[in-house]
Structures are given as C-alpha cells and as structure tokens.
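# Structural description and commentary
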Amino acid sequence: MARDLNTNTLFVEQAPETIEKGDAGKNLDDDGRPKRTGTLVTASAHIITAVIGSGVLSLAWAIAQLGWVAGPIVLIVFSFITYFTSTILADCYRSPDPITGKRNYTYMDVVRANLGGVKVQLCGIAQYGNLIGVTIGYTITASISMVAVRRSNCFHKHGHEATTCNPSNYPFMIIFACIQIVLSQIPNFHKLSWLSILAAVMSFTYASIGVGLSIARVAGMMDKHEGGGARARTTLTGVTVGVDVSSSEKVWRTFESIGDIAFAYAYSNVLVEIQDTLKSSPAENKVMKKATFVGISTTTLFYVACGCFGYAAFGNNAPGNFLTGFGFYEPFWMIDFANVCIAIHLIGAYQVFCQPVFGFVEKWCNKRWPESKFITSEHCIDVPLYGIYYLNLLRLVWRTIYVIITAVIAMIFPFFNDILGFLGAASFWPLTVYFPIEMHIARSKIPKFSFTWTWLKILSWACLMVSAVAAAGSIQGLIKQIQKYKPFETNQ
C-alpha cells in the first residue's frame, strides 16, 4: 500500500518510486514496478556504450594479424552472429510468450525460466565474473588514456626523446575510482540513460579521430617528422612468418586476434538489463531487436573503418592502440582530445557493466534481511541544483567498497587486460551463443536432428572452438606477463 511521505522524517522504508504512486494504473507497469521509460534511442545508446569499448583501438592490430582477406571477413561474420543471437535472446525477456508473458529481469532469470537446473548457476558465474572483470579492465584502460594526455603534452614540450615523460598510472586510477564512487550512487539502469548517451557520443568521437588520423597518414599528409610519406607494408594474409613473426607467434596471434574481434561485439551480459528499461508499448522485444540492429550496424561500421584504415596506416607493425602508436604524437591536441573522450566513455561504460552486479547483490541482501533498515531505508537528502536524492546506506557502502576493490586489483595487476581476455573467452560462448540458442530451441520446440536444430548446433560448436583457441592465446600471453611481473611497478 502506498504511504505518504512525512516531511519531518529523514528516511522512508520504501523506495521513492513506490511512494509516488498517486494513480497505480498510470505509474506502474504490468509487474507492479514503476513505469519504464526506455526508448529505441536510449537502448541503442546503452548497446553502443557497452559494445564500442576502447578495444576498437586494437582492431588495427587484429586486422594486421589476419590480413586484408580474413580480417574484414571475421569482423562481418561475428557481427552477424552477435546480431542473430541477440535477437533470439531478446525474445526470451518475457516467458512463455515474448510479448505478454512474465518479465525476466536478469540474464539468470531468463535462463531459469527457459532452461532451469544447474545452467542458472553457470550463467551467473559466467555473467558476473565477466562483468566484474570488465570493470577492473576499464579502470586500467581509463588510467592509460589519462596518462597518455600527460605524456603527449610532455613530449610536445620537451621533445619525443625526453626520458622524464613517464608518469605513474596509479594517481589516475584513484581519480577514476573517485568519479565512479559518485556515479555508482545512480540507483539503477533506468537512471543511466543520460550517461550512456554521453559515453556513446564520446566513442563516436575518438573512433572518428582515429579513422581521420589513419586516412591522413595513408594519404601522406602527416607532418614530415612522422614519416607519413612512407607507405606501410600490408599483405593479404597479415603478418609474415619469418619477416614479422615466427610461425608459433603467427598461430598464437591469429587465435588472439579472432578472439579479440569476437569479444568486441559481445554485450549479451547486459542485454536483458537493457531490455528491462524499455517501455512496454511497443513490445519490448521488437524495440530491442531494432536497437540491436542500430547498435551492431553502427558498431560494425566503426570497427571496419578503425580496423582497416588503421591497418592501412601502420601495416603489419600496427600497434595495440593505433591512437597512441608510432607517429601519432602530433597533432598532440587532437590526440589529447581523443584520449579524454576515451576516458569519459569508459566512465560511462563502467557504470553500464557494474549496475547488474550492484542490482544482483542488493536484491540478494533485500531477500536475506528484509527487516534491516540499513538495507531497505531511503534517506531523503536535498542536493543543491539537483533536488531530492534518496540515499540508501547499503547502496552507499557496498558500491563504494566495490569500486575501491576493483581499483586496488587494477593497481596490483596492471596486466589484468590479459586476464580479461581469458574471461572474455570463457564467457563469450555461453553468454553470447550457447544459452540464447538453447533457449530458442527449447521455446520453439525445434525437433532434434532437424535442419534448423543441426545448423544451430553447428554454429554453437564453431563458436565454442573460437572461445577455446582464444582462451589458449590469452593464457599464452598471460604466462609471458606473469614471468616479468613486479607488483606496483609502473610500465609504460
């Protein structure tokens, strides 16, 4: 039953949304929760923010390993695979009917409703392990971009041979964590649209700058000190054995690059949470499919542009980050702006990936200790220039601790992005391919060994092989990093 707010009290025992219920028919959805307000635009922004990570900058390296033939083909193939599996996952948001059935609020809820059993726990391990890993990786990557701004200005001031332009990443990790502590008080995914839109704009901006600089380099229009007039060496099959790499390195790099491209499209770990923000009319699954098309097609356009133009610019020597690679110290102001855009984008992307983790823990705590006012109470605070903010103590303490822990792990393990590659390999197949296909087969009652069942299984097993070889490549890279690992050492 709705309660009136007592203006003399500092806390209420219900979430603010449930208090402002004047007319239940107007303000509530069919599940009794506050009306969702998400649209095609906000869902597309969430998808683009989740998909276009800073990994777009490493696609030139990935294309360099595969060459002009296999590289673009792999990009296009995985865009189609991700689009297909995402559309069938969107139909699982409601069960049993995709339009009028009961809502499933998380990926685990979807698997529970359609498959059940131990698969629910396996889904949770894969999803939340990946989400936590991504937030740690974003802490590292954002600090690298912030440091790049300092280094770029230092090189511009003291020359490219300066030995003093080597700032530590750790202060910037702390700055990033402080920003995330504040933003983590955004209650849930439903309130995150403005940040996702900002992050999506930033991703477009830095990707466009990278493409523009690559085109300029290819055209020989870069400064003469950059050597822009020299044409980079590219091949149909990528890096050449005996010239660029050894035969074993070629194999490992091929595995790793295929994995990088496959994981670059994955956003199934937050798809259900994004869909849960959409208005119920038009049907959520139809809007989500349109948003998926917008997000994946936009992403593919930028991926092909960044990967192919970056490869054309740097050839077989393409660096892991083509924005800060050899020759891109000038124009320094543009590189600075691009790196600032990366940092802002990762600030928003961090929230997109950590909100499901926050929601999972807080939901569990509410079920475990329903009488605890520390967990359930909302404290009304009048924030200047904002208005009334409802502060929950569990949210404040738990989310702050989470951000601090991810920052500390990022400081201890600066090579965590290699671990993240392994986590991506381990979660790509079950979350992006296996569960959506299995749920589609179960919901559609597709007969065993029929044509549709057979090609769906072939697709699933093929993607499992991709995950396996990518995991092997990540482990090989991880072993190399561990061999030279020194805790809290600054590596540039």
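See the structure above.
Since the model is a prediction, treat every value here as computed from it, not as a measurement.

In terms of nonpolar packing, the biggest core is built from 118 residues, with Phe78, Tyr107, Ile261, Tyr267 and Tyr303 touching the most fellow members. Here this core gets 15 residues from one element, more than from any other, and that element is helix α12 (residues 332–368). Ile140, Met173, Ala410 and Met411 belong to the second-largest nonpolar core, a separate cluster that totals six residues.

A contiguous nonpolar surface patch, about 400 Å² in accessible area, is contributed by Phe374, Leu396, Val397, Ile401 and Ile405. Looking at the nonpolar patch element by element, the count peaks at four residues for helix α14 (residues 393–412). Secondary-structure assignment places Val397 in helix α14.

Here Gln355 shows up in helix α12. Polar side-chain contacts of Gln355 include one of 3.2 Å to the backbone oxygen of Ile186. Discounting residues that sit within four places of it in the chain, Gln355 has contacts with Ile186, Pro187, Asn188, Phe189, Leu192 and Arg399.

Turning to the packing of helix α4 (residues 59–90) against helix α16 (residues 451–483), a few remarks are in order. Between α4 and α16, the least distance of the axes is 13 Å, while the angle of their chain directions is 125°. If you check the angle between α4 and α16, you find them oblique. Both α4 and α16 take part in a crossing whose hand is left-handed. Taking contact as the criterion, the partners of Phe78, Ile81 and Phe84 in α4 are, on α16, Trp455, Leu456, Leu459, Cys463 and Val466. Its residues assigned to classes, the contact of α4 with α16 shows eight nonpolar, no polar and no charged.

Under the defined criterion, the tally for this structure stands at 19 aromatic pairs. Each ring, one from Trp398 and one from Tyr402, has its centre 5.6 Å from the other, and the planes form 65°; the classification is edge-to-face. With a gap of four residues between them, Trp398 and Tyr402 both fall in helix α14, about one helical turn apart. Assessed through its relative accessible area of 6%, Tyr402 is described here as buried. Here Trp429 and Tyr434 contribute two aromatic rings whose centre-to-centre distance is 4.8 Å and whose plane-to-plane angle is 40°, an arrangement assigned as tilted. The burial state of Trp429 is the same as that of Tyr434; both residues are buried.

Rules and cut-offs
Sequence positions are assigned chain by chain, starting from 1 and proceeding in written order. Given that the model is predicted, a residue must reach a pLDDT of at least 70 before its local features are reported, and side-chain atom pairs must reach 80 or more before they are shown or counted; all residues, however, enter totals for whole chains, interfaces and linings. Side-chain measures were taken over the full set of non-hydrogen atoms in the model, leaving aside hydrogen atoms and water. Put simply, a nonpolar core is a bunch of buried Ala, Val, Leu, Ile, Met, Phe, Trp, Tyr and Cys residues held in one set by side-chain atoms that sit within 4.5 Å of each other. Accessibility here uses a 1.4 Å probe with only protein chains present; expressed as a share of the type maximum, an area under 20% marks a residue as buried, one over 50% as exposed, and anything in between as partly exposed. A run of H or I in DSSP counts as a helix once it spans at least four residues, and a run of E counts as a strand once it spans at least two, with each numbered from the N terminus. Without a salt bridge and with relative accessible area above 30%, a residue can belong to a patch; like charges are then joined within 9 Å and nonpolar side chains (Val, Leu, Ile, Met, Phe, Trp, Tyr) within 5 Å. Note on areas: Shrake-Rupley, 1.4 Å probe, and residue coverage restricted to the protein chains presented here. Here a salt bridge means any side-chain nitrogen of Lys or Arg lying within 4 Å of a carboxyl oxygen belonging to Asp or Glu. Counted as a polar contact is a pair of N or O atoms within 3.5 Å, where, for protein atoms, one must be capable of donating a hydrogen and the other of accepting one, and residues adjacent in sequence contribute only when both atoms are in side chains. Residue contacts are counted whenever heavy atoms from the two residues lie within 4.5 Å of one another. To obtain each axis, a line is fitted to C-alpha atoms, and for helices this fit is confined to the stretch in contact; angles are then taken between N-to-C directions over 0 to 180 degrees. An angle below 35 degrees is treated as roughly parallel, one above 145 as roughly antiparallel, one from 65 to 115 as roughly perpendicular, and anything else as oblique. The hand of a helix crossing depends on one turn: near helix anticlockwise from the far one by less than a right angle means left-handed, and clockwise means right-handed. Gly falls in the polar group here, along with every residue not listed as nonpolar (Ala, Val, Leu, Ile, Met, Phe, Trp, Tyr, Cys, Pro) or charged (Asp, Glu, Lys, Arg). To pair, rings of Phe, Tyr and Trp, with the six-membered ring standing in for Trp, must have centres within 6.5 Å; the planes then decide the type, stacked if under 30 degrees apart, edge-to-face if over 60, and tilted in the middle.

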